[in-house]
Amino acid sequence: HRLLATSGIYVLAGERGGCRSGVGTRAPPPQRSGSTAGPEQWSDGAMDNEHLWDAYAWPQRSMRVNFVTSMDGHIQGPDGKSGTLSSQEDRRIFHMLRAGCDAVLVGAGTARIENYKQISIKPEWQVLRGNPDPPVLIMVSASGNVPDIEGARTVDGTDLAAVKEQYPRILCEG
């Protein structure tokens, strides 16, 4: 993976041609000795879970966006789902980001297509999370046509400020 960042906006180029991008409030992780990456670019191979957790540390109140896309802009693989665009490292970061949030916000259509279920935290991230309760799944829908997912909340999108007040760290997926 190679991280390119400027002004808090980053693009993480994946090993299978996919990209992950988003907006962050932190600078890219520091370069390790021997790295030839310049100040706007960082690459160092695999990080252990604790270093990755620190590199993606959640500010106290924040909203993050996480999605995967192909180099030509597609958001779905040949099977109509985003998972086929994701590498093993993409999925690792996906699960780590979920472990750090209080709520996962997703469109109802994405929840249907991607077959979302109640959010659970992988054991390797549970210790770093420090909270035994999983994040709440919040689906946004103007029509109210949402899949039935145990424990999920539904909002119509008109009062997302209330969601931000109740859940200080929100991960937007999709």
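See above for the structure.
The sections below set out a description of the structure shown in this document. (Residues numbered from 1 in each chain as written. Predicted model: local features only at pLDDT ≥ 70, side-chain atom pairs only at ≥ 80, totals over all residues. Heavy atoms only, no water.)

### Some thoughts on unusual backbone geometry
Part 1 of the reasoning: One non-glycine residue, Asn115, lies in the positive phi region at around 55 degrees.
Part 2 of the reasoning: Here Asn115 lies in the loop between helix H3 (108-113) and helix H4 (123-129).
Part 3 of the reasoning: In this structure Asn115 comes out as partly exposed when scored by relative accessible area, which is 47%. (Helix = DSSP H or I, 4+ residues; strand = E, 2+ residues; numbered from the N terminus. Buried < 20%, exposed > 50% of the residue type's maximum accessible area, 1.4 Å probe, protein only.)

### Structural notes on the pattern of salt bridges
Part 1 of the reasoning: Counted by the stated rule, this structure contains four salt bridges.
Part 2 of the reasoning: In this structure, the salt-bridge partner of Arg98 is Glu173, at a minimum N-O distance of 2.8 Å. With Arg98 in helix H2 (residues 88-100) and Glu173 in strand E10 (residues 169-173), the pair connects residues that are 75 residues apart, well separated along the chain.
Part 3 of the reasoning: You can call Arg98 buried: its relative accessible area is 10%.
Part 4 of the reasoning: According to the relative accessible area criterion, Glu173 is buried, its value standing at 8%.
Part 5 of the reasoning: Here Asp102 ties to Arg169 by a salt bridge, and the two come within 3.0 Å at their closest N and O atoms. Placement of the pair is Asp102 in the loop between H2 and strand E7 (103-107) and Arg169 in strand E10, with a sequence separation of 67 residues. (Salt bridge = Lys/Arg side-chain N within 4 Å of Asp/Glu carboxyl O.)

### Considerations on the packing of aromatic side chains
Part 1 of the reasoning: Counting across every chain of the model gives one aromatic pair.
Part 2 of the reasoning: Between Trp53 and Trp125, the aromatic rings sit 6.2 Å apart at their centres with planes inclined by 20 degrees, giving stacked as the arrangement. With Trp53 in helix H1 (residues 49-55) and Trp125 in helix H4, this pair connects stretches of sequence that are 72 residues apart.
Part 3 of the reasoning: Residue classification places Trp53 among the buried residues on the basis of a relative accessible area of 18%.
Part 4 of the reasoning: For Arg64, the ring lying beneath its charged end belongs to Trp58, and the centroid distance is 4.7 Å. (Phe/Tyr/Trp six-rings, centres within 6.5 Å; stacked < 30°, edge-to-face > 60°. Lys NZ or Arg CZ within 6 Å of the ring centre and 35° of its normal.)

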